[in-house]
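Okay, here's what each chain looks like letter by letter:
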Amino acid sequence: MSGMFLRLIQFKFRKRRRHKAQAGLFVTFDNTFSINQIGDINMGGLSYYYEDPGFTMGMRAHSLRIVTADDPTGINHIPFRIVSDRETGSLLFKNRRINRQGIQFSGLTLVQKRKLRDIIQNYTHKPTDSKNNASLPVFPTHL
C-alpha cells in the first residue's frame, strides 16, 4: 500500500514530463553487452524494462549510452544513478520476472543535452499523463 502511495506522489510532483519512447530507442551500460528498450525518457532520466535472472549481479556501471536503431553511436558516457528498481509482475511472461528500473542522469554536458533533446524530439510520442504512465516492455529481437 505504501509503495502505491509513493508512486502516486512521484507521478504528481515530477519536475519534467515523461515522453513514451518509440520502438528503436535503447539503453546500454558501460560494463555489459545487454541492450534494453527504453520505456520512457525525459531530460532528467529514463526508465527501461529488463528480465531479472533471479540472482544479484551488482550494478557496477558508472555511465550509460543511449542508442537508436538509426544511429548506433548515440550519446556516450552519461553519468547516472538508479532511483528505482521494481518488479512489474508477470502478466505477459509467466515464467520470467520483469523489472522496471528508473534512472536519473547526473551531470550532462551541453553536447549531451543537445543530443538528448534531439532524441526526445525524434524518437518519442507525446508526453504521457500521470494517469496512464505504464507501458509494456519491449525486448529487442535484433539490431
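Quantities reported herein were computed from a predicted structural model and do not represent experimental measurements.

Chemist: What is the right way to read the overall build of the protein chain from this model?
Modeler: Looking only at helices and strands, one finds two helices and eight strands in the protein chain. In sequence order, the protein chain lays out its α and β elements as α-β-β-β-β-β-β-β-α-β. Put simply, the protein chain has 143 residues, and 38% of those count as buried. Partitioning the intrachain contacts of the protein chain with sequence separation of at least 6 by distance along the chain shows that 62% fall at a separation of at least 24.

Chemist: Any chance you could explain the side chain of Thr68 here in plain terms?
Modeler: Position of Thr68 among the secondary structure elements: in strand E5 (residues 63-68). A distance of 2.9 Å separates a polar side-chain atom of Thr68 from the backbone nitrogen of Asp71. Beyond its immediate stretch of four places on either side in the chain, Thr68 contacts Gly24, Leu25, Ile119 and Tyr123.

Chemist: Mind showing me how you'd approach unusual backbone geometry here?
Modeler: Positive phi outside glycine occurs at His77, with the angle close to 55 degrees. Its location among the elements puts His77 in strand E6 (residues 75-89). We classify His77 as exposed; its relative accessible area is 62%.

Chemist: So what exactly am I meant to see when it comes to helix H2 (residues 110-123) here?
Modeler: An α-helix turns once per 3.6 residues; consequently, residues spaced three or four apart project the same way. Here H2 is 14 residues long and its end C-alpha atoms lie 20 Å apart, about the 20 Å a rise of 1.5 Å per residue gives. Buried within H2 are the following residues: Gln112, Leu116, Ile119, Ile120 and Tyr123. Angularly, the buried residues of H2 cover 100 degrees about the axis, an arc narrow enough to put them on a single face. Within H2, the exposed residues directed more than 90 degrees away from the buried face are Leu110, Arg114, Gln121 and Asn122.

Chemist: Looking at this structure, I do not really get the confidence of the model for the protein chain. What am I missing?
Modeler: Low pLDDT marks regions whose predicted coordinates should not be analysed in detail. Of the residues in the protein chain, 68% reach a pLDDT of 70 or more, and the chain-wide mean stands at 79. Put simply, helix H1 (residues 2-12) is where the protein chain has its lowest mean pLDDT, 60, and H2 is where it has its highest, 94.

Chemist: Just checking my understanding: could you explain the packing of aromatic side chains for this structure?
Modeler: Two aromatic rings are characterised by how far apart their centres lie and by the angle between their planes. Applying the stated rule across the entire model yields three aromatic pairs. Consider the rings of Phe29 and Phe80, whose centres lie 5.4 Å apart with planes at 55 degrees: the pair is tilted. You can see Phe29 sitting in strand E2 (residues 25-29) and its partner Phe80 sitting in strand E6, a full 51 residues away along the chain. When its relative accessible area of 6% is taken as the criterion, Phe29 is described as buried. Residue classification places Phe80 among the buried positions, given a relative accessible area of 12%. These aromatic residues form a ring-pair network of at least three members: Phe29, Tyr48, Tyr50 and Phe80.

Chemist: Looking at this structure, I do not really get the side chain of Thr124. What am I missing?
Modeler: With respect to the helices, strands and loops of the structure, Thr124 is situated in strand E8 (residues 124-127). The buried category is assigned to Thr124, whose relative accessible area is 11%. In terms of polar contacts, Thr124 uses its side chain to reach the backbone carbonyl oxygen of Ile120, at 2.3 Å. When residues no more than four places from it in sequence are discounted, the contact partners of Thr124 are His19, Lys20, Ala21, Gln22, Ile41 and Ile119.

Chemist: Looking at this structure, how should I read the pattern of salt bridges?
Modeler: Proximity of charged atoms lets side chains of opposite charge pair with each other. In total, this model carries two salt bridges according to the counting rule given. The partner of Asp40 in a salt bridge is Arg100, with the nearest N and O atoms 3.4 Å apart. Here Asp40 is found in strand E3 (residues 35-42), whereas its partner Arg100 is found in strand E7 (residues 97-105), with 60 residues between them in sequence. An identical accessibility class is assigned to Asp40 and Arg100; each is buried. Each of Arg18, Asp40 and Arg100 takes part in one network of salt bridges that share partners.

Conventions we followed
In this numbering scheme, every chain counts its residues from 1 along its sequence in written order. Local features in this predicted model are restricted to residues whose pLDDT is 70 or higher, and side-chain atom pairs enter the listing and the counts only when it is 80 or higher, whereas totals over whole chains, interfaces and linings include all residues. Computation of side-chain values: all heavy atoms of the structure, hydrogens and water removed. Helix numbering and strand numbering both begin at the N terminus, where a helix is a DSSP run of H or I of at least 4 residues and a strand a DSSP run of E of at least 2. A simple rule labels every residue: compare its accessible area, found with a 1.4 Å probe on the protein chains alone, to the largest value its type can have, and call it buried under 20%, exposed over 50%, or partly exposed in between. A contact between two residues is defined here by any heavy atoms of the two lying within 4.5 Å. Two N or O atoms count as a polar contact when they lie within 3.5 Å, although within protein this holds only if one can serve as hydrogen donor and the other as acceptor, and sequence-adjacent residues are included solely when both atoms are side-chain atoms. Any helix carries an expected span of 1.5 Å times its number of residues minus one. Note that the arc is computed from the directions linking the helix axis to the C-beta atoms. Confidence of the predictor in every single residue is expressed as pLDDT, which spans 0 to 100. By convention, a stacked pair of Phe, Tyr or Trp rings (six-membered ring in the case of Trp) has centres within 6.5 Å and planes under 30 degrees apart, an edge-to-face pair has planes over 60 apart, and any other such pair is tilted. The salt bridge criterion pairs a side-chain nitrogen of Lys or Arg with a carboxyl oxygen of Asp or Glu, the two atoms within 4 Å.

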